[in-house]
Amino acid sequence: MTETFWDRHGLYGLMAQFETPEQVVSAAQRAYDAGYRKMDAYSPMPVEGLAEAIGFKRNWVSLVVLIGGLTGCVGGFGLLWWICVIAYPHNVGGRPFDSWPAFIPITFECTVLLAALSSVVGMLAMNKLPMPYHPVFNVTEFAQRASIDRFFLCIEANDPKFDRDKTKAFLLELNPEEVSEVDK
Amino acid sequence: MKTELDEQAIDPGPDKIIAPGFTYTTVTEKIAGVVLKPIQTTPKQWWISLFLAFCAMQGLMAGAFWLLYKGTGVWGIMIPVGWGFAIVNFVWWIGIGHAGTLISAILLLLKQDWRTSINRFAEAMTLFAVAQAGMFPLLHMGRPWLGYWMGPYPNSMGLWPQPRSPLVWDVFAVSTYLTVSLIFWFIGLVPDLATMRDKAKHNWQKVTFGMFALGWRGSARHWARYQMAYLLLGGLATPLVVSVHTVVSFDFAVSMIPGWHTTIFPPYFVAGAIYSGFAMVLTLAIPTRKWFHLEDLITMRHLDACAKLMLGVGLIVAYGYMMEAFMSWYSGNIYEMFMYKNRSTGPYAFFFWMLILCNILIPQSLWSAKVRQNIPRLFFVSIVVNIGMWLERFIIVITSLHRDFLPSSWGMYYPTMWDWAVLTGTIGFFLVLMVLFVRVLPSISIFEVREVLHHLAPHMLDDGKTSPSPAHGD
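Note on numbering: residues in each chain are counted from 1, in written sequence order. Chains carry letters from A onward and ligands carry numbers from 1 onward, assigned in written order. In keeping with the predicted nature of the model, local features appear solely for residues at pLDDT of at least 70, side-chain atom pairs appear and are counted solely at 80 or more, and the whole-chain, interface and lining totals rest on all residues. Note: side-chain values were computed over all heavy atoms of the structure, leaving out hydrogens and water.

**Q** Hey, could you run me through the overall build of chain A in this one?
**A** Within chain A one finds seven helices and four strands. Only DSSP runs of H or I covering at least 4 residues are called helices, and only runs of E covering at least 2 are called strands; the numbering of each starts at the N terminus. The order of α-helices and β-strands along chain A, N terminus first, is α-β-α-β-α-α-α-α-β-α-β. The reference for a compact globule is 2.2 Å times residues^0.38; the radius of gyration itself is calculated from the C-alpha atoms. Computed over C-alpha atoms, the radius of gyration of chain A comes to 25 Å, more than 25% over the 16 Å expected from 2.2 N^0.38 for 184 residues, which places it beyond the range of a compact globule. Across its three principal directions, the C-alpha atoms of chain A cover 80 × 40 × 30 Å. The contact criterion used is simple: two residues touch if any of their non-hydrogen atoms lie within 4.5 Å. In chain A, the share of contacts with a sequence separation of at least 24, taken over all contacts with a separation of at least 6, comes to 80%.

What follows is the structure, encoded as structure tokens:
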């Protein structure tokens, strides 16, 4: 595979800065319509419609949580059944060893525990966090304001349609406050 | 030098969840400013509270040391009352924790936007209260270093815990609750830690906040997964919080003791937990908002809503008390009937009537807006309910145990100074953690307040390309 111009020059992408959530949503929409795919939008709080605008389709978190919860449920119940029936059968007042109604509370707790842990671990893993270094922080305005009061749209250099000048011109059309180059 | 933060904030009154005029920039400044302002400008009351709480915490140090050195005999527990202060305090602390989860999870699912200013704070309260609660069963064992025996793990003794026992359910319920509360709180903090990282002035602050912010950069894809995870956590925490106090009440209800063996315990315990939790939220929020001038973010609307919820849940608790009385009569069982007579006229009757006063009579004043919207009165009622809920657990545990079926095995329970030392110590420890929390971490969720600002400004929904945006910091 040949090295592209931008690989050598270490450009991660071009970043436009916006003042309001509505601006960044419409900018992201227009960038998507213009054919850009490798891009990301950044905001200091969740903005409705922004992820969809940059082409984020399937949220797998709920599936991960379902799998975690089912694992906890089956695992928890299985553990109790194994303890009471196989490992340490204990006759309490002549009741059956597999007295399943008494296992429900712990089974429920195990379900919640594993579902909750998998939601957090799954979310962080899919977001590839923790991430100690990311190029977007090389933009001074981003590092100072992205988590406070500004909204950013970054079109990445590895997008097939990316062209330093044309993409920059495109971003400038979107009425940003500023367009910056993001070093790798 | 006087900064903007030192100036008095103005409470916008009981209609608004946030004072007018805030922008994304100023709201960040305000909340992060509490954490980032120089140490010299920390309010005097904060230092005094920290000092007093730290002194009180020494009761736990001394009490735990003496207990471990001498054994559980230093406490007042003696047959027939084998469950003394340790269980009373355990249930009380766990209950206090419940309001935090209620505010952050249930109100999240119900889309109550007023929760935003107090949820972070209440979650921290939950976490710290559950930590105190956990201390009591551990200490009550007398040999806390063997606490892991309660867990199911393969061991050389060939023994396993008895999973049909509510006491083992409790181990799972409380440890799950602590874990879920911790991750819920931490995940809620991550975007704000990123804000703190970006706003911090000193390098050590940037590094510390930066490590815990996990490299959060506010990507839209990240937010989408984050919101889904947070919503699901809320959905999981809601049944969890109900299950935890239900399981705690099973510790009592599954036994045969008159006064414990009743089916009303689970709902009545959950209601009592939420009741005491809201009282504690008010007890803590009222001074905090004053010290750090947060009246424009934690407004009268929040205090009023907490007070109304407290009143509502308090009525459920009152219904529980009435049902207990009714059922003891209706059962026709002499032990049950005696239990209620002994409660209301026996040696601990004073505490029973104090309980009725604190939990039922005084809180009825919350029907009046003059009490709900008067800070000193509301603070007073919140303290009264905290005491009342402690008395409730005392009455349930002690009066039921001290006179059961056989008069020959009756006895009295008197707490010793070490019981009091440990109780005082955990209150001190809890307050030390809370006081440190409000100073070193953003005690109001900044990003959620930004969301509220966004939703409150319908004119911002216009395409803001041309018009000057109210989100602009000025």
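**Q** Honestly, the state of the cysteines in this entry has me stumped. Any pointers?
**A** Working definition of a disulfide: a covalent bond connecting the sulfur atoms of two cysteines. Disulfides are defined as cysteine sulfur pairs within 2.5 Å. Evaluation of the coordinates by the stated rule reveals zero disulfides over all chains. Between C73 of chain A, a free cysteine, and C110 of chain A, which holds the nearest cysteine sulfur, the sulfur-to-sulfur gap is 9.0 Å.

**Q** Hey, could you run me through the side chain of S400 of chain B in this one?
**A** Residues and elements named next belong to chain B. Relative to the helices and strands, S400 resides in helix α13 (residues 375–402). Polar contacts, as used here, are pairs of N or O atoms within 3.5 Å; protein pairs need one atom able to donate a hydrogen and one able to accept it. Residues neighboring in sequence count only if both atoms are side-chain atoms. One polar contact links the side chain of S400 to the main-chain carbonyl oxygen of I396, over a distance of 2.9 Å. Dropping the residues within four chain positions of it, S400 is found in contact with I257, P258, G259, W260, R343 and I395.

**Q** Looking at this structure, how should I read the pattern of salt bridges?
**A** Pairing is possible between side chains that carry opposite charge, provided their charged atoms lie close to one another. Criterion for a salt bridge: a side-chain nitrogen of Lys or Arg within 4 Å of a carboxyl oxygen of Asp or Glu. Per the counting criterion, the structure on display carries 16 salt bridges over all chains. Salt-bridge contacts for E181 of chain A lead to R164 of chain A; the nearest nitrogen and oxygen are separated by 2.5 Å. A residue pair is termed long-range when its members are at least 10 positions apart, and E181 of chain A in strand β4 (residues 178–183) and R164 of chain A in helix α7 (residues 164–173) qualify at 17 residues. For E181 of chain A, a relative accessible area of 30% translates into the label partly exposed. Here K30 of chain B ties to D296 of chain B by a salt bridge, and the two come within 3.2 Å at their closest N and O atoms. The classification of residues rests on relative accessible area computed with a 1.4 Å probe and restricted to protein chains. Under 20% of the type maximum is buried, over 50% is exposed, and intermediate values are partly exposed.

**Q** Please clarify how a nonpolar patch on the surface should be interpreted in this entry.
**A** Residue and element names in this part refer to chain B. Note that patches include only residues with greater than 30% relative accessible area and no salt bridge, and the join distances are 9 Å for like charges and 5 Å for nonpolar side chains (Val, Leu, Ile, Met, Phe, Trp, Tyr). Residue burial considers only the protein chains on display, and all accessible areas are found by Shrake-Rupley using a 1.4 Å probe. On the surface, M256, F326, M327, W329, Y330, I334, Y335, M337, F405 and L406 cluster together into a nonpolar patch covering about 1,100 Å² of accessible area. Elements supplying a minimum of two residues to the nonpolar patch: α9 (300–330) and α10 (334–345). Among the elements that take part in the nonpolar patch, α9 stands out by supplying four residues, more than any other. Along the chain, Y335 falls in helix α10.

**Q** Help me understand the sheet that holds strand β1 (residues 11–18) of chain A, please; the structure alone is not making it clear to me.
**A** Hydrogen bonding along the main chain pairs the strands of a sheet, whether they run parallel or antiparallel. Residue and element names in this part refer to chain A. With antiparallel pairing, the four strands of this open sheet are ordered in space as β2-β3-β1-β4. The open sheet terminates on both sides in strands that have one partner only, identified here as β2 (39–42) and β4. Taken pair by pair, the neighbouring strands of this sheet meet at an average axis angle of 20°, ignoring direction. Think of it this way: DSSP has to see at least two bridges between two strands before they count as a pair. As paired elements, β2 and strand β3 (residues 151–156) share four bridges and run antiparallel to each other. For M39, the partnering residue across the bridge sits in β3 and is I155. In this analysis an axis means a line fitted to C-alpha atoms, helices contributing only their contacting stretch, and an angle means the value between N-to-C directions, from 0 to 180 degrees. Across the sheet, α7 is in contact with β1, β3 and β4; its angle to β1 comes to roughly 10°.

**Q** What exactly am I supposed to notice about the domain arrangement of chain A here?
**A** It is common to report an interface's size as the accessible area lost on association of the parts. Here the domain parsing of chain A yields domain 1 (10–55 + 135–183) and domain 2 (61–126). Residue ranges assigned to each domain were obtained from an automatic or database domain assignment. Using C-alpha coordinates to define each centre, domain 1 of chain A is positioned 45 Å away from domain 2 of chain A.

**Q** Just checking my understanding: could you explain the packing of helix α3 (residues 85–109) of chain B against helix α14 (residues 417–440) of chain B for this structure?
**A** For any two helices packed against each other, the geometry is given by the interaxial angle and the distance between the axes. Residue and element names in this part refer to chain B. Where α3 contacts α14, the two axes come as close as 10 Å, and the packing angle between them is 20°. Judged by the angle between their axes, α3 and α14 are roughly parallel. Here α3 and α14 pass one another in a crossing that is right-handed. Across the interface between the two elements, F85, N89, W92 and W93 of α3 pack against D419, W420, L423, T426, I427 and F430 of α14. Charged means Asp, Glu, Lys or Arg here, nonpolar means Ala, Val, Leu, Ile, Met, Phe, Trp, Tyr, Cys or Pro, and polar covers whatever is left, Gly included. In terms of residue class, the contact of α3 with α14 is built from seven nonpolar, two polar and one charged. When describing relative orientation, an angle under 35 degrees is termed roughly parallel and one over 145 degrees roughly antiparallel, while 65 to 115 degrees is termed roughly perpendicular and anything else oblique. For any helix crossing, the convention is left-handed if the near helix is rotated counterclockwise from the far helix by under a right angle, and right-handed if that rotation is clockwise.

**Q** Would you explain helix α5 (residues 166–199) of chain B in this entry?
**A** Residues and elements named next belong to chain B. By this rule, a helix spans an expected 1.5 Å times one less than how many residues it contains. The terminal C-alpha atoms of α5 lie 48 Å apart, and with 34 residues this matches the ideal 50 Å at 1.5 Å per residue to within 8%. Note on bend: at a given residue it equals the angle between the axes fitted to the 7 residues ending there and to the 7 starting there. Along α5, the helix axis deviates most sharply at V190, where the bend reaches about 40°; the proline P191 sits within four residues downstream. Across the 34 residues that make up α5, a large majority, 26, are buried. Its side-chain oxygen at 3.1 Å from the backbone nitrogen of L167, S165 defines the N-terminal cap of α5.

**Q** Can you help me understand the interface of chain B and chain A in this one?
**A** Counting from both sides, the interface comprises 60 residues of chain B and, opposite them, 69 residues of chain A. Buried area counts how much accessible surface, traced with a 1.4 Å probe, disappears from two parts once they are put together, with both parts' losses summed. When the two sides are added together, the surface that chain B and chain A hide from each other amounts to roughly 5,800 Å², 67% of it contributed by carbon and sulfur. The largest per-residue losses of area from chain B upon contact with chain A belong to R164, R217 and R225 of chain B, which jointly make up 15% of the total buried on that side. Where chain B meets chain A, there are one salt bridge. Here R221 of chain B ties to D40 of chain A by a salt bridge, and the two come within 3.6 Å at their closest N and O atoms. Scanning the region where chain B abuts chain A turns up 22 residue pairs in polar contact (both at pLDDT 80 or more). Where the side of chain B that touches chain A is concerned, the elements lending two or more residues are α1 (24–36), α5, α7 (220–253) and α15 (446–456) of chain B. The greatest single-element share of the side of chain B that touches chain A, amounting to 17 residues, is contributed by α7 of chain B. Per-class residue counts for the side of chain B that touches chain A are 32 nonpolar, 17 polar and eleven charged.

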